[in-house]
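# Tertiary structure, described
Letter by letter, the chains look like this.
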2 protein chains.
Amino acid sequence: MMNKYRLMSPGPTPIPPEVSAAGALPIIHHRTPEFGEVFTRVNENLKRVFLTENDIFTYAASGTGAFEGAVQNLFSPGDKVLVVNNGNFGNRWVKMSQAFGLEVTELKYDWGQKADNDEVAEALSREPGIKAAMCTLSETSTGTVNDIEGFAKATENVLTIVDAVSGLGACTLRTDDWGVDVVVAGSQKALMTPPGLGMVSVNERAWKAHEDSRMPRYYFDWTAARKAYAKMPPQTPWTPAVSVIIQLDIALKQIIDEGIENVFERHTLLGRASREGIKGMGLSLFGPDEDLNSAVTAAWVPEGVDGKQLVRAMFQEHGIQVAGGQADMEGRIFRIGHCGYFDSYDIISTIAAAELALEGLGHPVELGKGVGAAQRVFARSGVTA
Amino acid sequence: MMNKYRLMSPGPTPIPPEVSAAGALPIIHHRTPEFGEVFTRVNENLKRVFLTENDIFTYAASGTGAFEGAVQNLFSPGDKVLVVNNGNFGNRWVKMSQAFGLEVTELKYDWGQKADNDEVAEALSREPGIKAAMCTLSETSTGTVNDIEGFAKATENVLTIVDAVSGLGACTLRTDDWGVDVVVAGSQKALMTPPGLGMVSVNERAWKAHEDSRMPRYYFDWTAARKAYAKMPPQTPWTPAVSVIIQLDIALKQIIDEGIENVFERHTLLGRASREGIKGMGLSLFGPDEDLNSAVTAAWVPEGVDGKQLVRAMFQEHGIQVAGGQADMEGRIFRIGHCGYFDSYDIISTIAAAELALEGLGHPVELGKGVGAAQRVFARSGVTA
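Residues numbered from 1 in each chain as written. Chains lettered and ligands numbered in written order. Predicted model: local features only at pLDDT ≥ 70, side-chain atom pairs only at ≥ 80, totals over all residues.

## Looking at the overall build of chain A
Along its length, chain A carries 14 helices and 12 strands. Rg of the C-alpha trace for chain A: 21 Å, near the compact-globule value of 21 Å for 385 residues, within the 12% margin. Within chain A, the fraction of its 385 residues that count as buried is 59%. Within chain A, contacts between residues at least 6 apart in sequence are counted, and of these 73% link residues at least 24 apart. (Helix = DSSP H or I, 4+ residues; strand = E, 2+ residues; numbered from the N terminus. Rg over C-alpha atoms; globule rule 2.2 N^0.38 Å. Buried ≥ 20, exposed ≤ 12 C-beta atoms within 10 Å, placed from the backbone. Contact = placed C-beta atoms within 7 Å.)

In structure tokens:
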């Protein structure tokens, strides 16, 4: 039996056919009016997705690279920062900050838990020299979405830096309304574009911190980027990933056409249906069962089932690529990605495949029960995909 | 009259249709056996193009990013380096090295001149504390190809670092035979792939220097890369630019099929025909008139002609995108790129368009004279493209 390939991982994510097709266009030169037109539109549309008037720079890099740029551009060795660590990515920012000689106050939570913003405020008041606080919007490793509006309030006296790589364009993030100074994103998640681009938004307060920063940098230097972007048409300081930017242009247009608020609402349904589907088939959610727009749904692998085998079976026998757990959670949880180019039938198929794969592995499942729960979410929301 | 778009710039460069088409394939997950198979082959084939057994790491970054990685991974602030600066890119490595707190001995040459390796050896013996020497293989800004075999000999007592971004796969570079410790390359030149990937090769001596290096780094950290590459199948530490790597796989197969020595030879003919075409139409070459495999041919814009207008006319009226001069050479020279996916008729068309555009701008040209000179190069080489 043929199985189509269905990418249901939390990143990279599937891309719309129009975005795929744009990947096959001939390469054009980046210092031309033709590319300038594309790049100008990309920069404007990114602002409409970041919900900001701030500068946004796009790098040939993964989100990790763009995040490193924020560390290099905002700080000097020895600066104090607070980092929320409630998953693999929070953990990465702790390590990265330490690698750059920052003094890190780590606020650590069990995987799956949300950051407690009262504790964030408390930690900041205990340590008055802290310059900035970092938090992840959507922890890809667990599916947990942190309350960034609350985080921005709790950290209003310091720089607020948000890793929105896996959340931007899926989970609500109102950069300017909430006063988030620096937001880092990537092309390969809800922006429905192949991996290869990292973005960062920079507000006035961040620019002031940048002026004082003495960290060595070159490739990710914001001053170099600002100078190149100020040209007409805007340019990048180094050769941009032309083909991926041209694909991003198409993807952003689709997001704008759908409407960013509708995109958020769609992700609320995708998350709700995934959670109901998981519970409906008798599994337990990993992380809080909150009804918000999320990018990833993580579930415990049931007792007696090998999680790696489950992920493999879903892929090899059903063509559906979900993700396993990272680090300590390897083999213990599985993750369904639904940030970006996903509709109701992607979720329904994935829940159906999970049911079938579990049955195949000898775990008792009533076929269709999880699927039905997911269907009801879509049917009762007035959304027919 | 319809004009097809012909990208004749020194980067990004046109890509083969098979590489284009691969850009439209669905995105696959990067931590799967399917991607592992592609990535394993890419890593092996890169070694056959770098002509090395050394480790090669591929980053989501431009060549500038990969070069920054070399600076971060090899040095500590205050280390002394020698940098050859005979163009825009040599100049960039001077600035980058200084940005990272290195003490730079700059060996500066007029644009278009080649580095003098006797002077390199002399400079190193005058300054015994120098740890490394950097040189560009092909200066994209001028078309000049430096003698890297001689440079590696002159610098054999220190680390030899070569920027081969615009040269690798066009200009001969025998990494292991010549003993080049670190080679940096990019996807968007002779590797016939869209921009977005930067590579670096690292030999044993460079690994030893890496152990002593105290420069802060994370995204480009070689130790992190080595750890990820050691997995089975090999991985990257952060999300790779999946679609561009899949395209690189196709491009590398084509290079291997043609044979790297044949690729070098083809570039000898492309360079020779470009130079003869330029001289044939009565223009002067910018840079040395040497018969070697080159990536770019640069020519002086004749007296009385505006170089920017010439480049614009070639594009707007003929569809042929050559590049103008950079920095001080803006408007004074134009550059024909021929590194990567180029054949004889690309050169013939470009020379023809240059003749026609010059005539259109009121400069006296005998149509076909430059073209004839280029044709003779191909006809007399036994290569019929």
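From this point, the narrative continues.
## Points about the domain arrangement of chain A
All names here are of chain A. What the domain assignment lists for chain A is domain 1 (17–257) and domain 2 (259–380). Measuring from the centre of the C-alpha atoms in domain 1 to the corresponding centre in domain 2 gives 28 Å. Contacts between the two partners involve 24 residues from domain 1, matched on the other side by 21 residues from domain 2. The residue inventory of the side of domain 1 that touches domain 2, partitioned by class, reads 9 nonpolar, 12 polar and 3 charged. (Domains from an automatic or database assignment. Nonpolar A, V, L, I, M, F, W, Y, C, P; charged D, E, K, R; others polar.)

## Section: the relation of the copies chain A and chain B
Superposing chain A onto chain B requires a rotation of 180° together with a translation of 0.0 Å along the rotation axis, leaving an RMSD of 0.0 Å. Such values leave the two copies arranged in the relation of a two-fold axis. With an isologous cut-off of 70% or more, the 100% of interface residues of chain A that recur at the interface of chain B puts this contact in the isologous class. (Least-squares fit on C-alpha atoms with pLDDT ≥ 70 in both.)

## Focus on the environment of Val371(A)
Topologically, Val371(A) is positioned in helix 14 (residues 369–380). For Val371(A), the residues in contact, after removing those within four places along its chain, are Gly277(A), Ile348(A), Ile351(A), Ala352(A) and Glu355(A).

## Overview of the interface of chain A and chain B
Between chain A and chain B, the contact holds 42 residues from the first and 42 residues from the second. Put simply, the parts of the chain that give the side of chain A that touches chain B at least two residues each are helix 1 (17–22), helix 3 (63–74), helix 4 (88–99) and helix 10 (242–258) of chain A. Taken together, the residues that form the side of chain A that touches chain B break down as 25 nonpolar, 15 polar and 2 charged.

## Some details on the sheet that holds strand 11 (residues 323–324) of chain A
All names here are of chain A. Pairing in this open sheet of 3 strands is antiparallel, and the strands run 9-12-11 from one edge to the other. A single partner strand is all that each edge strand has here, and the edge strands are strand 9 (296–300) and strand 11. Inspection of the sheet shows strand 9 paired to strand 12 (residues 333–337) by 5 bridges, in the antiparallel sense. The residue of strand 12 that forms the bridge with Ala299 is Phe334. Where helix 12 (residues 307–318) meets the sheet, its contacts fall on strand 11 and strand 12, and the angle it forms with strand 12 comes to roughly 35°. (Pairing = 2+ DSSP bridges. Axes fitted to C-alpha atoms, helices over the stretch in contact; angles between N-to-C directions.)

## Focus: the nonpolar core
Counting residues in hydrophobic clusters, the biggest one holds 263 residues, and the most contacted among them are Ala133(A), Val184(A), Met314(A), Ala133(B), Val184(B) and Met314(B). Apart from residues lying up to four places away in sequence, Val184(A) is in contact with Gly63(A), Ala66(A), Phe67(A), Ala70(A), Asp163(A), Ala164(A), Val165(A), Gly198(A) and Val200(A). (Core = buried A, V, L, I, M, F, W, Y, C linked by C-beta atoms within 7 Å.)

## Here we look at the environment of Thr175(A)
Residue and element names in this part refer to chain A. Mapped onto the elements, Thr175 comes out in helix 7 (residues 175–178). With 26 C-beta atoms packed within 10 Å, Thr175 lands in the buried category. Linking Thr175 and Glu53, residues 122 residues apart in sequence, is a C-alpha distance of 8.9 Å. With sequence-adjacent residues up to four places away left out, Thr175 is seen in contact with Phe50, Leu51, Thr52, Asn54, Val180, Val183 and Ser201.

## So, the packing of helix 3 of chain A against helix 4 of chain A
Each pair of packed helices can be described by the angle between their axes along with the distance between the axes. Residue and element names in this part refer to chain A. Between helix 3 and helix 4, the least distance of the axes is 11 Å, while the angle of their chain directions is 45°. Put simply, helix 3 runs oblique to helix 4. For the crossing formed where helix 3 meets helix 4, the hand is right-handed. The residues of helix 4 that touch helix 3, namely those facing Thr64, Phe67, Glu68 and Val71, are Arg92, Trp93, Met96 and Ser97. Grouping the amino acids of the contact of helix 3 with helix 4 by side-chain chemistry returns 4 nonpolar, 2 polar and 2 charged. (Parallel < 35°, antiparallel > 145°, perpendicular 65-115°, else oblique. Left-handed = near helix turned anticlockwise from the far one by under 90°.)

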